[in-house]
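Inside the fold
Chain by chain, the residues:
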Amino acid sequence: MGFDDFKQAMHNEMDAWYASYPIDISEMTSSLDAQISEETSGYAMRGHIYDVAAAQMGVKLFPHCPFYFELASGRERNMWGMEGIGGYIKNSDGYQCLRHKYQSDTAQMWDKGLFIINDFIDNDHHAMGVDIILKKGFQGILCDAKRALRDLHLNDEQQTWLNTVIKGCLCAKALGDKFARHAEQLLTESTSARSSLTNTAIGFLNRIKDTASRVPWQRPETFYEAINTLIMARELFNTLDGVGICTYGRLDKVLLPYYRNDLKHGRISYDEAYELCLALVSLTDFRWDYNQEQVETSTTITLGGLDSEGEVVDNIVTEMFFDAVVECNTLSPKVNIRVSSRHNKRFFESAVHVSRNTRSSVSFLNDDAIVTAMVNAKMERHHALNYVAGGCQEVVAEGAQVSSRACWYLNLSRILSIVLGQDSARTYQTLAVNQRGAIMPPDLNAITSFELLYQHVIVTLKAVSIEFANHLANYQRHWKQVNPAPLYSATLEGCLTNAADMSAGGARYTSTTYATGAFATLVDSLLAIKEVVFDSKQLPLTELVEALNNNFDNQQPLQQQLLTELPYYGDDSDKSNIMAARLLKDIEQIQRTCQNFAGSNYHPAFFSYHTNIYLGMDTPATADGRPAGRPVSRSASPSDYKGNSRRNPATDVHSLKYLDFKGYPGAAVQYMTLPVAKEQSDKILTAVVQTFVENGGSIVELQFNDVEALKDAQQHPEKYPNLSVRVCGFSAKFTALDKTVQQEVIERLSQVA
Amino acid sequence: MTAVPPSQGRLFDIQRYSVSDGPGIRTTVFFKGCSLRCSWCHNPEALLSKKQTMHCNGIDKQVGYDIDGLELLKLLYRDKSLYQKSDGGVTFSGGEPMLQTDYIRSLLPYLKRENIHVAIDTAGNVPSSAYQSLSDEVDLFLFDLKIIDPVKHRQHTGVSNKQILKNFTQLVARQQPIELRLPVIKGINDSEADIKQLASFLLSLPQRASITELKVLPYHAMGRSKYQQLGMTTAIFEAPDTSILAQYQQTIGQVLDIDPTLASSQSNTCTGGPDGVR
């Protein structure tokens, strides 16, 4: 028996089940409606959800899938924590009213294009406490909760929270029992003549029957049990707690001891273990439907890196997952490969090979920069060493940190627009009312030196950042009422000992970051203004701003000059490196001064997702030559739209020598778009990634596609049903992408083709 | 005591992260000035050694600039880490870099001191003494051979190939590592006779084992707009049929007993060229 024998059947069974969605959960919601009133606290509401799920929720087994996990919760196929029974609280009027008010308040305060905000809570991008779950099982967590109830001096809220955790653990046990009974039932039915179950399926069901009551209630003992524990735990949190957990964490680090132990006891062979890895990788892909519009990768895994003692993680399980990802060649999971200066060349080569040979999105995360930045942000080293990517590339210390991010995106280039008087009165009023921007909008004629302009940018960025953070914090304080996650929280260090939910700041670290982008657009615009207005005095600032306001109408030579003739971030010139380094430092210091609802300082970060396209739509022409409405630059990456040949991977990685990302514990993502050519060998790209690490980069994703194929796919989508692209930290089917996103991908690839 | 590189080199571009001009990741230095006038040339801005003006998108750009040796070295050193990790290095190309050997000679000790691999991409039409003066310190020659037939060569490149073949023969005889590069242009050198003549020439070289790489470079039209920008005219050329490319690869590969590479359109040698102008 091998994976190929059951892969297709597993896929078909899952597709058939999800095609039957949405599931009717009216019985469960009626039960909840009967128990919950406007006065019910968030924790109590969650407790009712656990009770109802334990009593009434069905489970689903796919006979040709070796794992058990799927719950008839009403959660949609392409959703993490929303909808269904787990989204009951989030979908209540209380939360939705607050959310709409927050969005409308924000729209009143700022012009479009400065921020994109989805929510005041980051319900996704979290990472479960894998070590605790594997070490204790939910039974052990329940015991800890009971112990805390007994030993700690607690107020009513804390007692309620701990009792809710206990209910959650019992729910996990009840659902495990249901899986075991369901497996038994299917096996009983298989003895009838009409059963279509294969021997493979019968084998899987027998194993599930014997395992599901024990695991994840108890700690897992085997490689198989450990994998299923992670899958089940994730589903429980996604389904019951309303949080989006998209990462399985550091699979190679945590699964190695189970594999070794199984080998020692003759319980598993390499092939059997590898088959489970293939099934897990495939599961993440089959669970999602990538043919729907704008669907991104569902699941993240993290491989490699350094362990909590600082030792290199590069083992047989790492290799298994590297091979499985390449063999499956699916859009999911995203693979985040942690690298460091301590990893050897072979590891880098293997990682690069994976990056070049899978459709999935692969990012390289530099431990040297990220761990140091986390430690610099006063996180303990062993916590920092255990970070994972909680989403595309949103780093978070697994099992210790709650990091809210990727729900509010900041467009740096709009800060300069504000300074140049390009925003409407509402922005200036917001800043003036709060006395943070006393000089708003500045008199352009009074900006007589570049230094003065730069100071205006910094003051404005600070004013905007603090104002936004304070406004956000006012809303985030409602988190524990509108979407607490006690079962999930109990896996995080700090929550049980503080008897507080992660949404109440109970975890060891509660951080917030700005998803900051358009760094290059801002750097390049400042470089351009310095050059043409102040150094060469080619034209006064007022005239330049007028040209920008007119979107370069009748000013094409000026626009061309700004686009192609001047220094820009990524060209590795002294001028651009100095400007980028200075700005990077100043942005870090500003973001660090912002505080979140838990009183913690923000963790500086650069991260764009694909909001650069949408933020750009509402951004006027910029002094780097970019016309109005076009995308701004991505994250901390050099601009993809400069249209000349001075930038390449060598200049990109060398520029990093001047930039200090050790003040960015939220990490800084860079994208490197490369032409598809056979000369881009594993060896060449290995050198690029190694030098990226050596020069202090934070995160990099390599992106390559044949631009001609993409153009053809726009015209003839029927010819390219499986053409995939790496967008920004995730992969997607090209033809399922929004046309605007398709065009952006083509434009940036055209720059290097 | 190594020579101080005081002199100025006349370049028209420097391309970092060049992955087609020799092994690994390289920085390719494009020298201005060439002793051939290939009718299909894709670097017309490289032909004359004097500085020129290109008119591009409404803006006049100067093509050609002089760079001090120390300044160039500083730039070449930037990607030392990439060279070392990818077994790459520096490639001097053009135009014809061998027309500026004094300048290159002054740079070599500094590059060797840093263990930087050096390749020279040459079309061969320079005095033999130029190669003799450099070859000990050059790790690899990327040698372009275009046409073996002397009459056709003169017709399409404006010069005799006698000196080119002599230099090539001498480098091979000295067992200098060589990557042989064969630009192939439809109607110019894509006949079976062209291939046969080249094969015969190579077979006549007893030490041809020093030719360690073979690259067949199909013509592409990426540099055509530059003629207009320079106020020059050019005839229309086409890429050769793929069957001819395969024949080139097979026949010449067999003669040299090496696995040939078909270069992509990114190659910067005589059929390609950088599109950036400083």
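Residues numbered from 1 in each chain as written. Chains lettered and ligands numbered in written order. Predicted model: local features only at pLDDT ≥ 70, side-chain atom pairs only at ≥ 80, totals over all residues. Heavy atoms only, no water.

1. Topic: the overall build of chain A
- Looking only at helices and strands, chain A has 29 helices and 17 strands in total.
- Scaling as 2.2 N^0.38, a compact globule of 753 residues should have a C-alpha radius of gyration of about 27 Å, and chain A matches this with 26 Å.
- By its C-alpha atoms, chain A is 85 × 60 × 50 Å across when sized along the principal axes.
- Counting over 753 residues, chain A shows a buried share of 65%.
- Considering only contacts in chain A between residues 6 or more positions apart, those separated by 24 or more positions represent 79%.
- Carbon and sulfur atoms make up 48% of the accessible area of chain A, which amounts to about 25200 Å² in all. (Helix = DSSP H or I, 4+ residues; strand = E, 2+ residues; numbered from the N terminus. Rg over C-alpha atoms; globule rule 2.2 N^0.38 Å. Buried < 20%, exposed > 50% of the residue type's maximum accessible area, 1.4 Å probe, protein only. Contact = heavy atoms within 4.5 Å. Areas by Shrake-Rupley, 256 points an atom, 1.4 Å probe, with all protein chains shown as cover.)

2. With respect to the overall build of chain B
- For chain B, the helix and strand inventory stands at 9 helices and 11 strands.
- By the compact-globule yardstick of 19 Å for 278 residues, chain B fits well, its C-alpha radius of gyration being 18 Å.
- Counting over 278 residues, chain B shows a buried share of 59%.
- Counting only carbon and sulfur atoms, one obtains 51% of the accessible surface of chain B, whose full area is about 10900 Å².
- Computed over 29 positive and 28 negative side-chain charges, the separation of the two mean positions in chain B equals 5 Å. (Lys, Arg positive; Asp, Glu negative; His and termini not counted. Charge placed at Lys NZ, Arg CZ, Asp CG, Glu CD.)

3. Here's the deal with the sheet that holds strand β7 (residues 362-366) of chain A
All names here are of chain A.
- Strand order in the open sheet formed by 6 strands is β4-β5-β6-β7-β15-β14, with mixed pairing between adjacent strands. A single partner strand is all that each edge strand has here, and the edge strands are β4 (247-250) and β14 (669-674). Strand-to-strand twist in this sheet, taken as the mean axis angle between neighbours without regard to direction, amounts to 20°.
- Two elements, β14 and strand β15 (residues 699-704), share 6 bridges in a ladder whose sense is parallel. Within β15, the residue paired with Thr673 across the bridge is Gln703. (Pairing = 2+ DSSP bridges. Axes fitted to C-alpha atoms, helices over the stretch in contact; angles between N-to-C directions.)

4. A closer look at the confidence of the model for chain B
Residue and element names in this part refer to chain B.
- When pLDDT is averaged across chain B, the result is 90; 92% of the residues are at 70 or more.
- The spread of mean pLDDT over the elements of chain B runs between strand β11 (residues 261-262), the lowest at 74, and strand β7 (residues 117-122), the highest at 98.
- Counting interchain partners and residues more than four positions distant, the pLDDT-below-50 stretch residues 265-278 has 60 contacts.
- Across the whole predicted complex the pTM is 0.93, and at the interface the ipTM reaches 0.89. (pLDDT = per-residue confidence, 0-100.)

5. Focus on the packing of aromatic side chains
All names here are of chain A.
- As enumerated under the stated definition, the model contains 38 aromatic pairs over all chains in all.
- Taken together, a centroid distance of 6.1 Å and an interplanar angle of 15° make the contact between Tyr270 and Tyr274 stacked. Of this pair, Tyr270 and Tyr274 both sit in helix α10 (residues 270-286), 4 residues apart, roughly one helical turn.
- Judged by relative accessible area, which is 30%, Tyr270 ranks as partly exposed.
- For Tyr274, a relative accessible area of 14% gives the class buried.
- Ring centres of Phe322 and Phe347 lie 5.8 Å apart, and the angle between their planes is 45°; on these two criteria the pair is classed as tilted. Of this pair, Phe322 sits in helix α11 (residues 316-328) while Phe347 sits in helix α12 (residues 345-356), and the two are 25 residues apart along the sequence. The two residues Phe322 and Phe347 agree in class, both being buried.
- One aromatic cluster is present, formed by Trp17, Tyr18, Tyr21, Phe62 and Phe69 through successive ring pairs. (Phe/Tyr/Trp six-rings, centres within 6.5 Å; stacked < 30°, edge-to-face > 60°.)

6. Observations concerning empty space enclosed by the protein
All names here are of chain B.
- The full count for this structure, using the stated rule, is 6 cavities of 30 Å³ or more.
- Lining the second largest cavity are Leu145, Lys146, Ile147, Ile148, Leu182, Pro183, Val184, Asn189, Asp194, Leu198 and Tyr248.
- For the lining of the second largest cavity, the secondary structure elements donating two or more residues are β9 (178-184) and α7 (192-203).
- With 3 residues, the single largest contributor to the lining of the second largest cavity is β9. (1 Å grid on protein atoms, 1.4 Å probe; cavity = no way out; pocket = protein on both sides within 12 Å on 5 of 7 lines; lining within 4 Å. Points joined across faces, edges and corners; volume = space filled by probe spheres on them.)

7. What to know about helix α7 (residues 199-211) of chain A
All names here are of chain A.
- Relative to the 18 Å expected for 13 residues at 1.5 Å per residue, α7 spans 18 Å between its end C-alpha atoms, a close match to the ideal helical length.
- Turning to α7, its buried residues are Thr200, Ala201, Phe204, Leu205, Ile208 and Thr211. One side of α7 carries all its buried residues, which in axial view fall inside an arc of 130°.
- Buried residues in α7 make contact with α1 (3-19), α6 (156-190) and α8 (223-241). (Expected span 1.5 Å × (residues − 1). Arc of directions from axis to C-beta.)

8. Concerning the pattern of salt bridges
- In the structure shown here, the tally under the stated rule is 54 salt bridges over all chains.
- Ionic pairing is found between Arg181 of chain B and Asp121 of chain B, a salt bridge with its closest N-O pair at 3.8 Å. One end of the pair, Arg181 of chain B, is in strand β9; the other, Asp121 of chain B, is in strand β7, with 60 residues separating them in the sequence.
- For Asp144 of chain B, the salt bridge is made with Lys146 of chain B, and the minimal N-O distance between the two is 3.9 Å. The pair Asp144 of chain B / Lys146 of chain B is uniform in exposure class, with both members buried.
- Salt bridges sharing partners connect three or more residues here, namely Asp572 and Asp574 of chain A together with Arg16, Arg78 and Asp79 of chain B. (Salt bridge = Lys/Arg side-chain N within 4 Å of Asp/Glu carboxyl O.)

9. Some details on the side chain of Ser81 of chain B
- Among the structural elements, Ser81 of chain B can be located in helix α2 (residues 80-86).
- Judged by relative accessible area, which is 14%, Ser81 of chain B ranks as buried.
- Looking at Ser81 of chain B, its side chain comes within polar contact range of the side chain of Glu694 of chain A, at 2.6 Å.
- Every residue in contact with Ser81 of chain B, bar those within four places of it in the chain, is listed here: Thr691 and Glu694 of chain A. (Polar contact = N/O pair within 3.5 Å; in protein donor to acceptor, adjacent residues only side chain to side chain.)

10. Focus: the pairing of strand β11 (residues 408-411) of chain A
All names here are of chain A.
- By the alternation rule, side chains of β11 split into Trp408 and Leu410 and Tyr409 and Asn411, which are all buried.
- Both strand β3 (residues 115-117) and β11 contribute to a ladder of 3 bridges, which runs antiparallel. The partner of Ile117 across the bridge, within β11, is Trp408.
- Sheet topology places β11 next to strand β13 (residues 515-517); 3 bridges connect them, and they run parallel. Directly across from Leu410, in β13, lies its bridge partner Thr516.

11. Description of the packing of helix α17 (residues 450-476) of chain A against helix α21 (residues 519-535) of chain A
Residues and elements named next belong to chain A.
- Here α17 crosses α21 at 155°, and the two axes come no closer than 10 Å. Viewed along their axes, α17 and α21 adopt a mutual orientation that is roughly antiparallel. In terms of crossing hand, the pair formed by α17 and α21 is right-handed. The residues of α21 that touch α17, namely those facing Phe450, Leu453, Tyr454 and Val457, are Leu522, Leu526, Ile529, Lys530 and Phe534.
- Here the residues of the contact of α17 with α21 are counted per class, giving 8 nonpolar, no polar and 1 charged. (Parallel < 35°, antiparallel > 145°, perpendicular 65-115°, else oblique. Left-handed = near helix turned anticlockwise from the far one by under 90°. Nonpolar A, V, L, I, M, F, W, Y, C, P; charged D, E, K, R; others polar.)

12. Quick look at the sheet that holds β13 of chain A
Residue and element names in this part refer to chain A.
- In spatial order, the strands read β3-β11-β13; together these 3 strands make up an open sheet with mixed pairing. Either end of the sheet is taken by a strand with one partner, and the two such strands are β3 and β13. Within the sheet, the average angular offset between the axes of one strand and its neighbour, ignoring direction, is 15°.
- Sitting on the sheet, α17 touches β3 and β11, and the angle it makes with β11 is about 170°.

13. Some thoughts on the pairing of strand β8 (residues 140-144) of chain B
All names here are of chain B.
- Among the 5 residues of β8, 5 are classified as buried, and the element is accordingly described as predominantly covered.
- Because side chains alternate across β8, one face comprises the buried residues Leu140, Leu142 and Asp144, and the other comprises Phe141 and Phe143, equally buried.
- Here 4 bridges tie β7 to β8, and the two strands are oriented parallel to one another. For Thr122, the partnering residue across the bridge sits in β8 and is Phe143.
- As for the winding sense of the linkage, the β-α-β connection from β7 through helix α4 (residues 128-134) to β8 is right-handed.
- For β8 and β9, the ladder comprises 4 bridges, and the chain directions are parallel. Bridging across to β9, Phe141 finds its partner in Ile178. (Right-handed = clockwise from strand over helix to strand, strands pointing away.)

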